[in-house]
Amino acid sequence: MFGVKGNSRSVTVYTFPLLVYYGLIELFEVGLYMWDKLWKTLFSFTWFKIALPSVILIGFTALFWFSIKRIRKGDEFSLLNIIKISPNRIVQEQNEMIRNLNEDSKQKSHVLKILNQMILETINVSVSKSYDEFLQNRKAVYEYILHSIGVVLTKNKSNSHRVAIFVDNKDGYLKIHEGLGYSSEGRKHLRLKIDDSAAGYVFRTGSIYNSGNVDEPGNHFKRHPMATKDYKSLMCVPIQYGKMILGVLSIDGQEENSFSKDDETYLVYFANALASFMSIENMINSLKEAGVYEQTGSTRE
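Keep in mind that this is a model prediction, so the values were computed, not measured. (Residues numbered from 1 in each chain as written. Predicted model: local features only at pLDDT ≥ 70, side-chain atom pairs only at ≥ 80, totals over all residues. Heavy atoms only, no water.)

Colleague: Which residues make up the nonpolar core, and what are the values?
Modeller: One finds Ile145, Ile149, Leu153, Ile165, Ile239, Leu249 and Phe270 to be the most contacted residues of the largest nonpolar core, which totals 35 residues. Of all the elements in the fold, those that place two or more residues in this core are helix 3 (89–126), helix 4 (131–152), strand 5 (161–168), strand 9 (233–241), strand 10 (244–253) and helix 7 (261–289). Here this core gets eleven residues from one element, more than from any other, and that element is helix 7. Leaving out residues up to four positions away in the same chain, isoleucine 149 has contacts with Val163, Leu249, Ile251, Leu267 and Phe270. (Core = buried A, V, L, I, M, F, W, Y, C linked by side-chain atoms within 4.5 Å. Buried < 20%, exposed > 50% of the residue type's maximum accessible area, 1.4 Å probe, protein only. Helix = DSSP H or I, 4+ residues; strand = E, 2+ residues; numbered from the N terminus. Contact = heavy atoms within 4.5 Å.)

Below, the structure is given as structure tokens:
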């Protein structure tokens, strides 16, 4: 392109863009010519004509298989760095739901096994031939149920739990009747005020206490001044036989929001099983105090 200014013979020349433009066109034409020659040469070979469709088919098959595999995994991927494909959200949600249901099904199955075993153990304890035999059976039952509760309600192995049964100490405090995860000193000397603690609130009212963060204001939890273990979550349910509250079943967790609504339901089931067992325990202790139950041997006729 040339521009002439007045009568001057000076010419403003804008040739560089044109040179680049025509150079690219020429390069493109050369490329097309070389590509055409290459394909004509290749197609002159019989083996190439036979192999090409197979190679294309294998390539598309491999790409399709790769795509399906990534989609099933729920991964996001790019197809030849051109098309970006995201996993189907519905499929991803269904896979997640199936995994949750499988885990929930295992948990429910475990709970049913524990409850069934508790029925058998309660019957076994009720027919103890002596008080010594009763004490041995009683210890085994508490160890079994408390350990099982900790296992069933533990979702993260790093989140340790303590499980305890609190009963009335007849002095305005609750004491540990049986516990798991507590020190020997804690089991002997820990006392919780009935009128100023989460377990006490459950014992007084028969309500359920479930807090994902015990340090939040407005709940019934009061951290014990002598406590040596820090925890964030706490769940307490009443152990109730008829209208009588025999005690409180409690479990804590080091992490926040350790327990779900399903966990709360399971803990209530365990508390109900314990209520039957503890009522028989109280009856046998009363018979022992009345002199009806022998230390060894059988009950008096």
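Colleague: Account for the pattern of salt bridges, with residues named and values stated.
Modeller: Overall, the coordinates contain five salt bridges when judged by the stated rule. Between arginine 162 and aspartate 252 there is a salt bridge; the shortest N-O distance is 2.9 Å. Separated by 90 residues along the polypeptide, arginine 162 in strand 5 and aspartate 252 in strand 10 bring together distant segments of the chain. Overall, arginine 162 belongs to the buried group, its relative accessible area being 12%. Relative accessible area serves as the criterion here: at 3%, aspartate 252 is assigned to the buried category. A salt bridge links glutamate 264 to lysine 261; the shortest N-O distance between them is 3.2 Å. Of this pair, glutamate 264 and lysine 261 both sit in helix 7, separated by three residues, roughly a single helical turn. (Salt bridge = Lys/Arg side-chain N within 4 Å of Asp/Glu carboxyl O.)

Colleague: Quick rundown of the layout of surface pockets? Include the residues and the values.
Modeller: Take a probe with the size of a water molecule and roll it over the atoms, and the empty space left behind shows itself. Space inside the second largest pocket adds up to approximately 380 Å³. Along the walls of the second largest pocket sit 18 residues, with Val167, Asp168, His177, Leu246 and Asn282 positioned nearest its centre. Looking at the lining of the second largest pocket, the elements that each hand over two or more residues are strand 5, strand 6 (173–180), helix 5 (184–189), strand 10 and helix 7. With four residues, helix 7 is the single largest residue contributor to the lining of the second largest pocket. (1 Å grid on protein atoms, 1.4 Å probe; cavity = no way out; pocket = protein on both sides within 12 Å on 5 of 7 lines; lining within 4 Å. Points joined across faces, edges and corners; volume = space filled by probe spheres on them.)

Colleague: Go over helix 6 (residues 198–205) with me, naming the residues and quoting the values.
Modeller: The buried fraction of helix 6 amounts to six of the eight residues, a majority that puts the element mostly inside the structure. Those residues of helix 6 lying buried are Ala198, Ala199, Gly200, Tyr201, Val202 and Phe203. The distance from a side-chain oxygen at the start of helix 6 to the backbone nitrogen of glycine 200 is 2.9 Å, and the residue carrying that oxygen is serine 197. In the stretch just after helix 6, glycine 206 is the one whose phi turns positive, near 75°. (Polar contact = N/O pair within 3.5 Å; in protein donor to acceptor, adjacent residues only side chain to side chain.)

Colleague: Can you lay out the environment of serine 128 for me, pointing to particular residues and giving the numbers?
Modeller: Looking at the element boundaries, serine 128 is found in the loop between helix 3 and helix 4. Residue class for serine 128 comes out buried when judged on its relative accessible area of 5%. C-alpha separation for the pair serine 128 and arginine 138, spaced ten residues apart in sequence, amounts to 9.9 Å. In this structure the side chain of serine 128 is engaged in a polar contact, spanning 2.8 Å, whose partner is the backbone oxygen of valine 125.

Colleague: Give me unusual backbone geometry: which residues, what numbers.
Modeller: The phi torsion at lysine 170 lies on the positive side, around 65°, for a residue other than glycine. With respect to the helices and strands, lysine 170 occurs in the loop between strand 5 and strand 6. Even without a glycine there, the phi angle at asparagine 257 is positive, about 50°. For asparagine 257, the position within the fold is in the loop between strand 10 and helix 7.

Colleague: I'd love a proper account of the packing of aromatic side chains, names of residues and values included.
Modeller: The description of an aromatic ring pair uses the distance of the two centres, along with the angle that the planes make with each other. A complete count under the given rule lists two aromatic pairs for this structure. Ring geometry for tyrosine 142 against phenylalanine 277: centres 5.2 Å apart, planes inclined by 85°, an arrangement best described as edge-to-face. Of this pair, tyrosine 142 sits in helix 4 while phenylalanine 277 sits in helix 7, and the two are 135 residues apart along the sequence. The same class applies to tyrosine 142 as to phenylalanine 277, namely buried. When the ring centre of tyrosine 131 is taken as reference, the NZ or CZ atom of lysine 288 above it lies at 5.4 Å. (Phe/Tyr/Trp six-rings, centres within 6.5 Å; stacked < 30°, edge-to-face > 60°. Lys NZ or Arg CZ within 6 Å of the ring centre and 35° of its normal.)

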